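Summary of the model geometry
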Amino acid sequence: PVIFAQLTKRDGSFLMGRVKEPDFKWTSLENKEIIAGRKGGSPAMSLEFALNKNGLYNGNNVTLNFDIQFNLTTAAFEAGTGDYVTVFEPTASELEREGKGYIVASVGEQSGEVPFTCFMAKKSYFDKNEKTLVKFNKALLKAFKLIEEADVNEVAAILEKSFPSTETKSIVSSLESYKRIDAWKQDLIMTESSFLHLEEVMTNAGELDDTVEYKTLVKNDYAEKAYKEFFG
């Protein structure tokens, strides 16, 4: 498998606490328990990197709870487990709307730019399907352009079908949050620096024994061609 497009460029989870913290500092997490999700998962590794960056280490001066399944972390937090939890949108906005938790920081902003979400295909697929790959990338570029240029309420109305149980206000808030932290890779092209930083995050978490060459896993040709065709 080889990566042919990068969708997001940072971890999309948000750190949530039980009270509002307008003056939040990462160092204030000392001696706190954070529900981190599955050990080895991207959100958990990004969180650990962000904490280590601020002098906080699991088992030393902060506790990371890896024991709860990712799809149950929010429910566990609501039930009283932990002091903080990492949550993706639009769940984070829904929790805030219900007064069950409050966003205090973006994990992705603190941990840095990485190729967080990507699209891959086998090498054998590339030669016979170049047009399809370029068209796929152009569709993504069209979506990014809409998000950047259209009113946020208009975009939220389009997304409602994909989130039938979520309040429209929370979808709007989610869009605003992801735009604020610059979450999307708007040219779809993966940089070597972000690839190397991902390896750094994985190594820091003890999940990568050996590195892989950037050129071995990444092929930007189709993203570059799509970008050139779409924007002229």
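Read on for a plain summary of the structure. This structure is a prediction, so every number in the text was calculated from the model and none was measured.

What links the strands of a sheet is backbone hydrogen bonding, and the strands pair in either a parallel or an antiparallel sense. Taken together, the five strands give an open sheet; going across it, the order is S4-S3-S5-S2-S6, and neighbouring strands pair in mixed fashion. Two strands in the sheet have a free side with no partner beyond their single neighbour: strand S4 (63–65) and strand S6 (102–106). Geometrically, the sheet is characterised by an average inter-axis angle of 30 degrees between neighbouring strands, direction not taken into account. Of the strand pairs in this sheet, strand S3 (residues 33–35) and S4 are connected by three bridges, and their pairing is parallel.

With the rule as written, the count across this model stands at 11 salt bridges. Among the charged side chains, a salt-bridge network with shared partners connects Glu78, Glu94, Arg97, Glu98 and Lys100.

For an α-helix, the turn length of 3.6 residues means that residues three or four places apart are oriented alike. For helix H1 (residues 42–53), spanning 12 residues, the distance from its first C-alpha to its last is 16 Å, which sits close to the expected 16 Å at 1.5 Å a residue. Burial analysis of H1 places 10 of its 12 residues in the buried class, which makes it a mostly covered element. When we look at burial in H1, the residues that qualify are Pro43, Ala44, Met45, Ser46, Leu47, Glu48, Phe49, Ala50, Leu51 and Asn52. Taken together, the buried residues of H1 touch strand S2 (13–17), S3, S4, strand S5 (84–88), helix H4 (107–111) and helix H9 (192–204). Phi for glycine 55, located one or two positions after H1, is positive at around 75 degrees.

Here we come to empty space enclosed by the protein. Using the criterion set out here, one finds one cavity of 30 Å³ or more in the structure. A volume near 30 Å³ is recorded for the largest cavity. Each residue belonging to the lining of the largest cavity can be placed in one class, and the counts come to four nonpolar, one polar and two charged.

On to the layout of surface pockets, then. The space that makes up the largest pocket amounts to roughly 590 Å³. Contributing to the lining of the largest pocket are 24 residues, with Ile147, Leu159, Leu175, Tyr178 and Trp184 lying nearest its centre. Listed by contribution, the elements that provide at least two residues to the lining of the largest pocket are strand S1 (2–8), helix H6 (130–149), helix H7 (152–159) and helix H8 (168–180). Sorting elements by how many residues they give to the lining of the largest pocket places H6 first, with five residues. Class assignment for the residues of the lining of the largest pocket results in 18 nonpolar, four polar and two charged. Its volume calculated, the second largest pocket comes out at about 320 Å³. What lines the second largest pocket is a set of 19 residues, and nearest its centre among them are Ile3, Pro115, Phe195, Leu198 and Met202. For the lining of the second largest pocket, the element with the most residues is H9, which contributes five residues.

Here we come to the packing of H1 against H9. Put simply, H1 and H9 touch, their axes get as near as 9 Å, and they point 85 degrees apart. Comparing their axes, H9 and H1 come out roughly perpendicular. Residue-level inspection shows Met45, Ser46, Glu48, Phe49 and Asn52 of H1 in contact with H9, the latter providing His197, Glu200, Val201, Met202 and Asn204. Tallied by class, the residues present in the contact of H1 with H9 amount to four nonpolar, four polar and two charged.

The buried fraction of S6 is high, at four of five residues. Bridge count between S2 and S6: four bridges; the pairing is antiparallel. Looking across to S6, one finds that leucine 15 is bridged to alanine 105.

What follows deals with the packing of aromatic side chains. Working definition: an aromatic ring pair is given by the centre-to-centre distance plus the angle between the planes. Applying the stated criterion to the full structure yields 12 aromatic pairs. Look at phenylalanine 70 and phenylalanine 88: their rings are 6.0 Å apart centre to centre, the planes differ by 70 degrees, and that puts the pair in the edge-to-face class. Residue phenylalanine 70 is located in the loop between S4 and helix H2 (73–78), and its partner phenylalanine 88 is located in strand S5; the two are separated by 18 residues in the primary sequence. Taking the relative accessible area as the measure of exposure, phenylalanine 88 reaches 23% and is therefore partly exposed. The structure contains a cluster of three or more aromatic residues connected by ring pairs, namely Phe4, Phe119 and Phe136. Positioned over the ring face of phenylalanine 77 is arginine 18, at 3.9 Å from the centre of the ring.

Procedures and definitions
- Residues numbered from 1 in each chain as written.
- Predicted model: local features only at pLDDT ≥ 70, side-chain atom pairs only at ≥ 80, totals over all residues.
- Heavy atoms only, no water.
- Pairing = 2+ DSSP bridges.
- Helix = DSSP H or I, 4+ residues; strand = E, 2+ residues; numbered from the N terminus.
- Axes fitted to C-alpha atoms, helices over the stretch in contact; angles between N-to-C directions.
- Salt bridge = Lys/Arg side-chain N within 4 Å of Asp/Glu carboxyl O.
- Expected span 1.5 Å × (residues − 1).
- Buried < 20%, exposed > 50% of the residue type's maximum accessible area, 1.4 Å probe, protein only.
- Contact = heavy atoms within 4.5 Å.
- 1 Å grid on protein atoms, 1.4 Å probe; cavity = no way out; pocket = protein on both sides within 12 Å on 5 of 7 lines; lining within 4 Å.
- Points joined across faces, edges and corners; volume = space filled by probe spheres on them.
- Nonpolar A, V, L, I, M, F, W, Y, C, P; charged D, E, K, R; others polar.
- Parallel < 35°, antiparallel > 145°, perpendicular 65-115°, else oblique.
- Phe/Tyr/Trp six-rings, centres within 6.5 Å; stacked < 30°, edge-to-face > 60°.
- Lys NZ or Arg CZ within 6 Å of the ring centre and 35° of its normal.

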